[in-house]
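Observations on the three-dimensional arrangement
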Amino acid sequence: MRRAYPSPDLVQSMPLSECGARNVTSLPPPSGRRSGCSAMSFIRALTVLLIALPGRADPAPNPQQVAQHYAAIVEASYVDTLSAARRLQRAIEVLLARPSAAHLDSARRAWREAREWYGQTEPYRFYGGPIDGRGGPEPRINSWPIDESYIDYVRGRPNAGIINNRALPINAGELARLNQREGGENVATGWHAIEFLLWGQDFDDAGPGARSHEDFVDGLAPNAARRRQYLRVVTALLVQDLSGVANAWAPGRANYRANFLRDANEALRRMFIGVGSLARGELAGERLEVALATQDQEDEQSCFSDNTHRDIVANAQGLENVWLGRYRRTGGLLIEGPSLRDLVAARDPTIAEQTTHDLAQTLEAASAIHPPFDQEIRGGDEAPGRQRVRAVIEALKRVSEDLVRSAYSIGITRLTLSQPRPR
């Protein structure tokens, strides 16, 4: 039975006859035991319930209910991402305290896990929210592609990068200042700076980079202490920035979430801008079409770890999460409530169903990409890998068209940020 809509946080229970309030998921008493009310009353009530359920139609949610539930999902997913980033931080501290191949592998696994959660948050961008609005931390969190020689040594340039420039201090303020200084590819912070420090450059067509743990051991690699300090600081900065974004969506505070919910219709407009911009311009365009056109490893998002295929899946999952109003947390708890789909279905069931179908197809196509992504994009147009990537692009294009039609069906016709953003 689908949830009713009085509150996104409560599941409505149904009373069963004179037995008193009882959740519909309750089971009858075990055989041989009597309940506090008659079996006949229970049977009558159950019969009425079973007859009523097939024809029962939930009332359509209103914009405020959809916006409130969206805010709950956003906050939950940022909290889960922050928790995963803190687990990554702990794994990195172990590596830095006792560098070994095993501890480096553990830190790499923690990075991959944290990326799964962060990838699902990216539909919450592109509308001037707390992550990428004016002064937001997104450029420090997820900038790419990166010129890895800006950070550390690369093949043929053993003294390159901030780490090997002893005149530069390594602290949070300095790395934030240096991030994207004098060029967008001069990335000093965030997921991909950490990725490079954990994997190093990728020269293996069949796998990721193979940085040795010895790069963090004094006496075995030049500037190992500075490399350890850099990795420690840049990870702490990521955790700090994610914490700030999570706090901006926390309930019951005078923060971005409170302002976001003051105008439900504007909130819906921003929700559509977020998913639409990620689907077409960012994911289909910047992350897939560019890489497919250039066939260049440098144009894949997570090029050091060969995690790009999972980045794409996580983004597709995030799009579906917003549309369906569903999100499964790290512990397995499913959050579900009033959604854009429900709102659109009340006006235009056909486009609601089509959007749901095309989002599912997108997720399926994304999951079919074979790692490593840098091999999928190579070859002629008939190469199987390129066809798999093209299938995701085409699915995302359909989704972006569906989303425009869906927005129009509920009266949202301006899908640009022409209005002032909530502060």
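What counts, and where the lines are drawn
- Residues numbered from 1 in each chain as written.
- Predicted model: local features only at pLDDT ≥ 70, side-chain atom pairs only at ≥ 80, totals over all residues.
- Heavy atoms only, no water.
- Helix = DSSP H or I, 4+ residues; strand = E, 2+ residues; numbered from the N terminus.
- Buried < 20%, exposed > 50% of the residue type's maximum accessible area, 1.4 Å probe, protein only.
- Contact = heavy atoms within 4.5 Å.
- Areas by Shrake-Rupley, 256 points an atom, 1.4 Å probe, with all protein chains shown as cover.
- Expected span 1.5 Å × (residues − 1).
- Phe/Tyr/Trp six-rings, centres within 6.5 Å; stacked < 30°, edge-to-face > 60°.
- Lys NZ or Arg CZ within 6 Å of the ring centre and 35° of its normal.
- 1 Å grid on protein atoms, 1.4 Å probe; cavity = no way out; pocket = protein on both sides within 12 Å on 5 of 7 lines; lining within 4 Å.
- Points joined across faces, edges and corners; volume = space filled by probe spheres on them.
- Nonpolar A, V, L, I, M, F, W, Y, C, P; charged D, E, K, R; others polar.
- Polar contact = N/O pair within 3.5 Å; in protein donor to acceptor, adjacent residues only side chain to side chain.
- Axes fitted to C-alpha atoms, helices over the stretch in contact; angles between N-to-C directions.
- Parallel < 35°, antiparallel > 145°, perpendicular 65-115°, else oblique.
- Left-handed = near helix turned anticlockwise from the far one by under 90°.

**Considerations on the overall build of the chain**
What the chain contains, in helices and strands, is 14 helices and two strands. Looking at the chain as a whole, 52% of its 423 residues are labelled buried. Expressed as a percentage of contacts within the chain between residues at least 6 apart in sequence, the contacts between residues at least 24 apart total 73%. For the chain, the exposed area adds up to about 18800 Å²; of that, 51% sits on carbon and sulfur atoms.

**Thoughts on the environment of Gly385**
Counting through the fold element by element, Gly385 comes out in helix α14 (residues 384-409). By relative accessible area, Gly385 is classed as buried at 8%. Taking the C-alpha atoms as reference points, Gly385 and Phe373, 12 residues apart in sequence, are found 8.5 Å from one another.

**Concerning α14**
Along its 26 residues, α14 runs 37 Å from first to last C-alpha, staying within 8% of the 38 Å computed at 1.5 Å per residue. Positive phi appears at Gly411, one or two residues downstream of α14, with a value of about 90 degrees.

**Concerning the packing of aromatic side chains**
Inspection of every chain in the model, using the stated rule, returns 13 aromatic pairs. Summarising the aromatic geometry, the rings of Tyr78 and Tyr124 are spaced 5.7 Å apart at their centres and angled 65 degrees between planes, so their arrangement reads as edge-to-face. Taken together, the residues Tyr78 in helix α2 (residues 63-97) and Tyr124 in the loop between α3 (101-119) and α4 (138-142) connect sequence positions 46 residues apart. Between the aromatic rings of Tyr118 and Trp191, the centroid separation amounts to 5.5 Å while the plane-to-plane angle is 50 degrees, which identifies the pairing as tilted. Here the residue Tyr118 occupies a position in helix α3, and Trp191 occupies one in helix α6 (residues 191-199), the gap between them amounting to 73 residues. Residue Tyr118 shares its accessibility class with Trp191, and that shared class is buried. Through a chain of ring-to-ring contacts, the aromatic side chains of Tyr70, Tyr78, Tyr124, Tyr127, Trp249, Tyr256 and Phe260 assemble into a single cluster. Seen from the ring of Phe203, Arg155 lies directly overhead, with NZ or CZ sitting 3.5 Å from the centre.

**Notes on empty space enclosed by the protein**
Under the counting rule described, the total for this entry stands at two cavities of 30 Å³ or more. Roughly 50 Å³ of volume is contained in the largest cavity. Together, Trp144, Pro145, Ile146, His192, Glu298, Glu300, Gln301, Cys303 and Phe304 line the largest cavity. The class makeup of the residues in the lining of the largest cavity is five nonpolar, two polar and two charged. The volume enclosed by the second largest cavity comes to roughly 40 Å³. Lining the second largest cavity we find Val66, His69, Tyr70, Ile73, Met271, Asn321, Val322, Gly325, Pro338 and Ser339. Of all elements in the fold, only α2 and α10 (308-324) reach the threshold of two or more residues within the lining of the second largest cavity. The biggest single contributor to the lining of the second largest cavity is α2, with four residues.

**Section: the layout of surface pockets**
There is about 190 Å³ of room inside the second largest pocket. Lining the second largest pocket we find 13 residues, and of these Gln120, Gln317, Glu320, Asn321 and Arg328 sit closest to its centre. If you list the elements that add at least two residues to the lining of the second largest pocket, you get α10 and β1 (326-328). No other element matches the seven residues that α10 contributes to the lining of the second largest pocket. Of the residues assigned to the lining of the second largest pocket, the class counts are five nonpolar, three polar and five charged.

**Quick look at the side chain of Ser409**
Turning to its location among the elements, Ser409 is positioned in helix α14. A distance of 2.6 Å separates a polar atom in the side chain of Ser409 from the backbone oxygen of Ser406. In contact with Ser409, other than residues within four places in its own chain, are Val344, Arg347 and Asp348.

**Some details on the packing of α10 against helix α12 (residues 349-367)**
Axis separation between α10 and α12 bottoms out at 8 Å; the angle between their running directions is 160 degrees. Taken together, the axes of α10 and α12 are roughly antiparallel relative to one another. Classified by chirality, the crossing of α12 by α10 is left-handed. Counted together, Ile312, Val313, Ala316, Gln317, Leu319, Glu320, Trp323 and Leu324 of α10 and Ala352, Thr355, Thr356, Leu359, Ala360, Thr362, Leu363, Ala366 and Ser367 of α12 form the full contact between these two elements.

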